[in-house]
Amino acid sequence: MTLIAVSKTFDADAITPVLRSGQRVFGENRVQEAKAKWPALIADYPGTELHLIGPLQSNKAKEAVALFDAIHSVDRPSICEALSKALAQQPRRLELFVQLNTGEEPQKAGVAPAEADGFIAACRETYGLTISGLMCIPPVDEAPAPHFALTAKIAARNGLHKLSMGMSADFAIAIQFGATHVRIGSAIFGHR
Ligand SMILES: *Cc1c(COP(=O)(O)O)cnc(C)c1O
């Protein structure tokens, strides 16, 4: 199980004690913010892994591939294409997660459950991407368990072994449903 400490909105002074305590995997939701904060911290704490957990725009794919070790928000063909190009130009290997919109919320990013199998196949066959797993963010006003169960089921039938699910409020339930990566922000850093 990988604990991703979500440091979005927190500055280097807040992050340094967490690095000093030995935590080496961090999550950020914006490419620009991460670019401003992290290169100096990574230089001081080699071996630190950075995960992009927020939406990615195609025109930031190159920067994202250069900075991050994993991207949890692969959710549309334009991103697949941009990632595929960016990865071909840099010798880095990133872990990629397809984001599901299990609650089918119109304002939320992610692939609808009914489209997930087709999208994962396209990632692999059309864009040549290696997908490691699935990510989901359950609707805030619903019990998370059915969303975690659905994500685990879609992963299993597509041969995916990694599950990025669970945040400060629901990580214990996510772990019961097989989470391999929990993304914890406020429980570590306090309120944003
Ligand atoms: C902010 C964020 C988190 C962390 O949320 P907390 O409730 O603070 O633990 C996890 N995942 C994503 C995608 C986020 O944007």
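These lines cover the structure that appears in this document, whether it is placed above or below. Fair warning: this is a prediction, and the values are worked out from it, not measured in the lab.

**As for the packing of helix α1 (residues 12–20) against helix α2 (residues 31–44)**
At a minimum axis separation of 11 Å, α1 and α2 run at an interaxial angle of 35°. α1 and α2 meet at a crossing whose hand is right-handed. Where α1 approaches α2, its residues Ala-12, Ile-15, Thr-16 and Leu-19 are matched on the opposing element by Lys-37, Trp-38 and Leu-41. By residue class, the composition of the contact of α1 with α2 is five nonpolar, one polar and one charged.

**Re the pattern of salt bridges**
Pairing between side chains becomes possible if they bear opposite charge and their charged atoms approach one another. Taken as a whole and judged by the stated rule, the model has eight salt bridges. Lys-37 is paired through a salt bridge with Glu-33; the nearest N and O atoms lie 2.8 Å apart. Within this pair, Lys-37 and its partner Glu-33 are both found in helix α2, separated by four residues, close to a single helical turn. Salt-bridge contacts for Arg-76 lead to Asp-75; the nearest nitrogen and oxygen are separated by 2.9 Å. When its relative accessible area of 30% is taken as the criterion, Arg-76 is described as partly exposed. Several salt bridges share partner residues, and in doing so they unite Glu-28, Glu-33 and Lys-37 into one network.

**Re the packing of aromatic side chains**
In total, this model carries two aromatic pairs according to the counting rule given. Taking the centre distance of 5.1 Å and the plane angle of 20° together, the rings of Phe-10 and Phe-189 count as stacked. Here Phe-189 lies in helix α8 (residues 186–189) and Phe-10 lies in the loop between β1 (2–6) and α1, a separation of 179 residues in the sequence. Centroid distance Phe-26 to Trp-38: 4.8 Å. Interplanar angle 45°. Geometry classified as tilted. Of this pair, Phe-26 sits in strand β2 (residues 25–28) while Trp-38 is found in helix α2, placing the two residues 12 residues apart along the sequence.

Cut-off values and rules
- Residues numbered from 1 in each chain as written.
- Predicted model: local features only at pLDDT ≥ 70, side-chain atom pairs only at ≥ 80, totals over all residues.
- Heavy atoms only, no water.
- Axes fitted to C-alpha atoms, helices over the stretch in contact; angles between N-to-C directions.
- Helix = DSSP H or I, 4+ residues; strand = E, 2+ residues; numbered from the N terminus.
- Left-handed = near helix turned anticlockwise from the far one by under 90°.
- Contact = heavy atoms within 4.5 Å.
- Nonpolar A, V, L, I, M, F, W, Y, C, P; charged D, E, K, R; others polar.
- Salt bridge = Lys/Arg side-chain N within 4 Å of Asp/Glu carboxyl O.
- Buried < 20%, exposed > 50% of the residue type's maximum accessible area, 1.4 Å probe, protein only.
- Phe/Tyr/Trp six-rings, centres within 6.5 Å; stacked < 30°, edge-to-face > 60°.

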